[in-house]
Protein chains: 2
Amino acid sequence: MSENRVEQVELLSSDNDSYGGVVVKIEQPIDSKIFPSLLRASISQWRQQGKTGVWIKLPIEHANLVEATVKEGFRYHHAEPDYLMLVCWLPETADTIPLNASHRVGVGSFVMNSKREVLVVQEISGKFKGTGVWKFPTGVVNEGEDFCTAAIREVKEETGIDTEFVEVLAFRQSHKSFFSKSDLLFICMLKPRNFDIEKQNLEIEAAKWMPIEDYAAQPFNQKQELFNYVAKICLSKSEKNYTGFSPLATTTGSGKVSYLYFNNQDNNHLVTSDNQPLKV
Amino acid sequence: MSENRVEQVELLSSDNDSYGGVVVKIEQPIDSKIFPSLLRASISQWRQQGKTGVWIKLPIEHANLVEATVKEGFRYHHAEPDYLMLVCWLPETADTIPLNASHRVGVGSFVMNSKREVLVVQEISGKFKGTGVWKFPTGVVNEGEDFCTAAIREVKEETGIDTEFVEVLAFRQSHKSFFSKSDLLFICMLKPRNFDIEKQNLEIEAAKWMPIEDYAAQPFNQKQELFNYVAKICLSKSEKNYTGFSPLATTTGSGKVSYLYFNNQDNNHLVTSDNQPLKV
């Protein structure tokens, strides 16, 4: 009798994760009146099994289930345009649910030609609109994009100039830049491969090559501490008196490639020119 | 008559943002049966006013309004534990809603004493559990936290050692590390101020000082490309043959302090020892 009853209770299907928790993906429509009992019965089973964190990924088509999930004690974890991730920590022990992504990543590109002119733009909107300030091409790194790739893409999109990545010259971390999130801005040096500017019309008012001394001497760059330092670093780099961090592709055990950025110029290069690491 | 009718339609209260859009904060409970008509009337007014992006911030207590908001054409933008942000782009022009935060930021700390021993730990859980690998203290940067502060905090929490921040030696960007998000890991050098380890029990199995050559020679560090490079960079630094990026506090026009990290050692220091920038 009791066995029959157990079998009659339908449960949400879930996968185990590697941290003792479970992940539920709702892929078929569920009536929001039926869902609470399904969820409650599932939670009860997960508790018996000693599960820790329960993740529920709700595609936006199933927004009808958000309220019921919250009522069962779940909180929001993160959201992307097409889904909402909710999470609940079942045990009495301290909650070890990892934090959500906290930073946006941007790039600013220092591109100089052999006449010591830098590639600069004026933007149509944003805080520099109408100020007459000439600035480096900048942009936000896309999801999953290496920022050394993003820098090249943004320069191409805004000015039509093809470039190759040289170094990260500096970077800045700032907070509360966008809702409660933080920002990491990487100032990158790129080497131009062509010189004829083709201004992109949507975001850019004007683009040109400008003598680096004129760029640095703009009143705005003199007044704003951060821009002033960046201009000095770029001037120093233009005189070959500065070493930044250069990227090296590394492969993990699982075959994923990720870039390590470091100073590869000091005294002995850590990586030889044919990309072979030196022996320790 | 028509004027009366207009006045009878209640609207959601909203604030203008600096980009031609509006932000709605739902702070009082609203019946989910009444909400759709309120939202529709408000959207109609915003359209007439030529508004662009409409942001609706729904605290988790008002999860009852998520479904109705989605039905009116909103998509998710981001979520934090206690609220969900939805957004809708009203005009026919291209949607310029900014991207959500894309990266988590972590720190790994290289702390060496005068005997060329580095501070290393073994973790209770995670992928190194039970491997016998000794690693640098690591951790995730909290929301709004400077990573130079986070590195000091994590070392203190895991080992009881007080430190001061010296330099960023290297950093790595990797993708798909956590759901669809990316990761930036900063390898930092810190200088210890005390030497008696007080292991923290919750996350750490063991902590000790280990000769740097033994650290680098661990089979794991030899085999894994990334760890191998990091070990080499630290060895090079321990022999004073390496310059990383050091932090400098800069203040924006609005008085916010943010750190700029750069190579301040090459040839001429860009910033003098009393923190005064050199003249261009």
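Here is what the cut-offs are and how they apply
- Residues numbered from 1 in each chain as written.
- Chains lettered and ligands numbered in written order.
- Predicted model: local features only at pLDDT ≥ 70, side-chain atom pairs only at ≥ 80, totals over all residues.
- Heavy atoms only, no water.
- UniProt positions renumbered as here; feature names shortened; annotations may be inferred.
- Helix = DSSP H or I, 4+ residues; strand = E, 2+ residues; numbered from the N terminus.
- Rg over C-alpha atoms; globule rule 2.2 N^0.38 Å.
- Buried < 20%, exposed > 50% of the residue type's maximum accessible area, 1.4 Å probe, protein only.
- Contact = heavy atoms within 4.5 Å.
- Areas by Shrake-Rupley, 256 points an atom, 1.4 Å probe, with all protein chains shown as cover.
- Least-squares fit on C-alpha atoms with pLDDT ≥ 70 in both.
- Expected span 1.5 Å × (residues − 1).
- Pairing = 2+ DSSP bridges.
- Axes fitted to C-alpha atoms, helices over the stretch in contact; angles between N-to-C directions.
- Core = buried A, V, L, I, M, F, W, Y, C linked by side-chain atoms within 4.5 Å.
- Domains from an automatic or database assignment.
- pLDDT = per-residue confidence, 0-100.
- Salt bridge = Lys/Arg side-chain N within 4 Å of Asp/Glu carboxyl O.
- Buried area = accessible area lost by both parts, 1.4 Å probe.
- Polar contact = N/O pair within 3.5 Å; in protein donor to acceptor, adjacent residues only side chain to side chain.
- Phe/Tyr/Trp six-rings, centres within 6.5 Å; stacked < 30°, edge-to-face > 60°.
- Lys NZ or Arg CZ within 6 Å of the ring centre and 35° of its normal.

- If you look chain A up in an unreviewed UniProt entry, it shows as Nudix hydrolase domain-containing protein from Quercus lobata.
- Per UniProt, the comment on chain A under Sequence similarities (unreviewed entry) is "Belongs to the Nudix hydrolase family."

**A closer look at the overall build of chain A**
Consideration 1: When you go through chain A residue by residue, the secondary structure sums to seven helices and 13 strands.
Consideration 2: Its C-alpha radius of gyration of 26 Å places chain A more than 25% over the 19 Å reference for a compact globule of 280 residues.
Consideration 3: In terms of overall dimensions, chain A has a C-alpha envelope of 90 × 55 × 30 Å along the principal axes.
Consideration 4: Looking at the 280 residues of chain A, the share that counts as buried comes to 52%.
Consideration 5: A separation threshold of at least 6 residues defines the contact pool for chain A, and within that pool the share at least 24 residues apart is 59%.
Consideration 6: Taken as a whole, chain A presents about 13,600 Å² of accessible surface, with 49% of it coming from carbon and sulfur.

**Examining the relation of the copies chain A and chain B**
Consideration 1: Once chain A is rotated about the relating axis by 180° and shifted along it by 0.0 Å, it coincides with chain B to within an RMSD of 0.0 Å. A rotation of that kind, with that shift, is consistent with a two-fold axis.
Consideration 2: A high fraction, 100%, of the interface residues of chain A reappear at the interface in chain B, so the copies pair face to face through one surface.

**Structural notes on helix H2 (residues 35–48) of chain A**
Residues and elements named next belong to chain A.
Consideration 1: The end-to-end C-alpha distance of H2, which contains 14 residues, comes to 20 Å, matching closely the 20 Å that a straight helix rising 1.5 Å per residue would cover.
Consideration 2: Within H2, burial applies to Phe 35, Pro 36, Leu 38, Leu 39, Ala 41, Ser 42, Ile 43 and Trp 46.
Consideration 3: In this structure, the buried residues of H2 make contact with strand E1 (14–16), strand E2 (22–25), strand E3 (53–59) and helix H3 (66–71).
Consideration 4: With its phi angle positive at about 75°, Gly 50 sits one or two positions after the end of H2.

**As for the sheet that holds E3(A)**
Residue and element names in this part refer to chain A.
Consideration 1: Pairing is mixed across the open sheet formed by five strands, whose spatial order is E1-E2-E3-E5-E4. In this open sheet, the two strands that pair with only one neighbour each are E1 and strand E4 (75–80). Taken pair by pair, the neighbouring strands of this sheet meet at an average axis angle of 20°, ignoring direction.
Consideration 2: Inspection of the sheet shows E2 paired to E3 by four bridges, in the parallel sense.

**A short note on the nonpolar core**
Consideration 1: Ranked by internal contacts, the top residues of the largest apolar core, which has 95 residues, are Phe147(A), Phe171(A), Phe186(A), Phe147(B), Val168(B), Phe171(B) and Phe186(B).
Consideration 2: Filtering out sequence-adjacent residues up to four positions away, Phe147(B) remains in contact with Phe171(A), Gln173(A), Val105(B), Val107(B), Val141(B), Phe165(B), Val168(B), Phe186(B), Cys188(B) and Tyr261(B).
Consideration 3: Counting 52 residues, the second largest nonpolar core, distinct from the first, contains Phe35(A), Tyr76(A), Leu86(A) and Ile30(B).

**Some points on the domain arrangement of chain A**
Consideration 1: Once the domains are mapped, chain A shows domain 1 (8–89) and domain 2 (103–238).
Consideration 2: One C-alpha centre belongs to domain 1 of chain A, the other to domain 2 of chain A, and the line joining them spans 44 Å.

**Describing the environment of Leu84(A)**
Consideration 1: By the element assignment, Leu84(A) lies in strand E5 (residues 83–89).
Consideration 2: Taking C-alpha positions, Leu84(A) is 9.5 Å from His62(A), a pair spaced 22 residues apart along the chain.
Consideration 3: Apart from residues no more than four positions distant in its own chain, Leu84(A) is found in contact with Ile56(A), Lys57(A), Leu58(A), Val66(A), Tyr76(A), His78(A), Ala79(A), Tyr76(B), Ala79(B) and Leu84(B).

**Let's talk about the confidence of the model for chain A**
Consideration 1: Looking at chain A, pLDDT values average 88 and 91% of them are 70 or higher.
Consideration 2: Below a pLDDT of 50 lies the segment residues 1–7 of chain A, which in the model reaches zero contacts outside its immediate sequence neighbourhood of four places, other chains included.

**Details of the pattern of salt bridges**
Consideration 1: Summed over the entire model, instances satisfying the criterion amount to 26 salt bridges over all chains.
Consideration 2: Of the charged contacts, one joins Arg116(A) and Glu213(A) as a salt bridge, the two residues approaching to 2.5 Å between their closest N and O atoms. Of the two residues, Arg116(A) sits in the loop between strand E6 (103–111) and strand E7 (117–123) while Glu213(A) sits in helix H5 (residues 212–217), which places them 97 residues apart along the sequence.
Consideration 3: Residue classification places Arg116(A) among the partly exposed positions, given a relative accessible area of 25%.
Consideration 4: A salt bridge links Glu154(B) to Arg153(B); the nearest nitrogen and oxygen atoms lie 3.3 Å apart.

**Focus: the interface of chain A and chain B**
Consideration 1: On the chain B side, the residues contacting the 91 residues of chain A number 91 residues.
Consideration 2: For the chain A and chain B pair, buried surface summed over both sides reaches about 7,800 Å², with 63% attributable to carbon and sulfur atoms.
Consideration 3: There are two salt bridges connecting chain A and chain B.
Consideration 4: Linking Glu80(A) and Lys181(B) is a salt bridge whose minimum nitrogen-to-oxygen distance equals 2.5 Å.
Consideration 5: Summed over the shared surface of chain A and chain B, the number is 31 residue pairs in polar contact (both at pLDDT 80 or more).
Consideration 6: A per-element tally of the side of chain A that touches chain B places strand E9 (residues 163–178) of chain A first, with eleven residues.

**A closer look at the packing of aromatic side chains**
Consideration 1: The final tally for this structure, using the stated rule, is 30 aromatic pairs over all chains.
Consideration 2: Seen from their ring centres, Phe195(A) and Trp209(A) are 6.1 Å apart, and the 45° between their planes marks the pair as tilted. With Phe195(A) in the loop between strand E10 (181–192) and strand E11 (204–211) and Trp209(A) in strand E11, this residue pair connects regions lying 14 residues apart in the sequence.
Consideration 3: Taking 4.9 Å as the distance between ring centres and 75° as the angle between the ring planes, the aromatic pair formed by Phe220(B) and Phe227(B) counts as edge-to-face.
Consideration 4: Overall, the relative accessible area of 22% leaves Phe227(B) in the partly exposed class.
Consideration 5: We note Lys57(A) situated over the ring of Tyr83(A); from NZ or CZ to the ring centre the distance is 4.3 Å.

**Remarks on the sheet that holds strand E5 (residues 83–89) of chain B**
Residues and elements named next belong to chain B.
Consideration 1: The strand order E1-E2-E3-E5-E4 describes an open sheet built from five strands, whose pairing is mixed. Every interior strand has two partners, whereas the edge strands, strand E1 (14–16) and strand E4 (75–80), have only one. Geometrically, the sheet is characterised by an average inter-axis angle of 20° between neighbouring strands, direction not taken into account.
Consideration 2: Both strand E3 (residues 53–59) and E5 contribute to a ladder of seven bridges, which runs antiparallel.

**Observations regarding the environment of Ala151(A)**
Residues and elements named next belong to chain A.
Consideration 1: By the element assignment, Ala 151 lies in helix H4 (residues 147–159).
Consideration 2: Judged by relative accessible area, Ala 151 falls into the buried class, the value being 0%.
Consideration 3: When the C-alpha atoms of Ala 151 and Lys 181 are compared, they prove to be 21 Å apart, with 30 residues separating the residues in sequence.
Consideration 4: With near-sequence residues (within four places) excluded, Ala 151 lies in contact with Val 107, Ser 109, Cys 188 and Leu 190.

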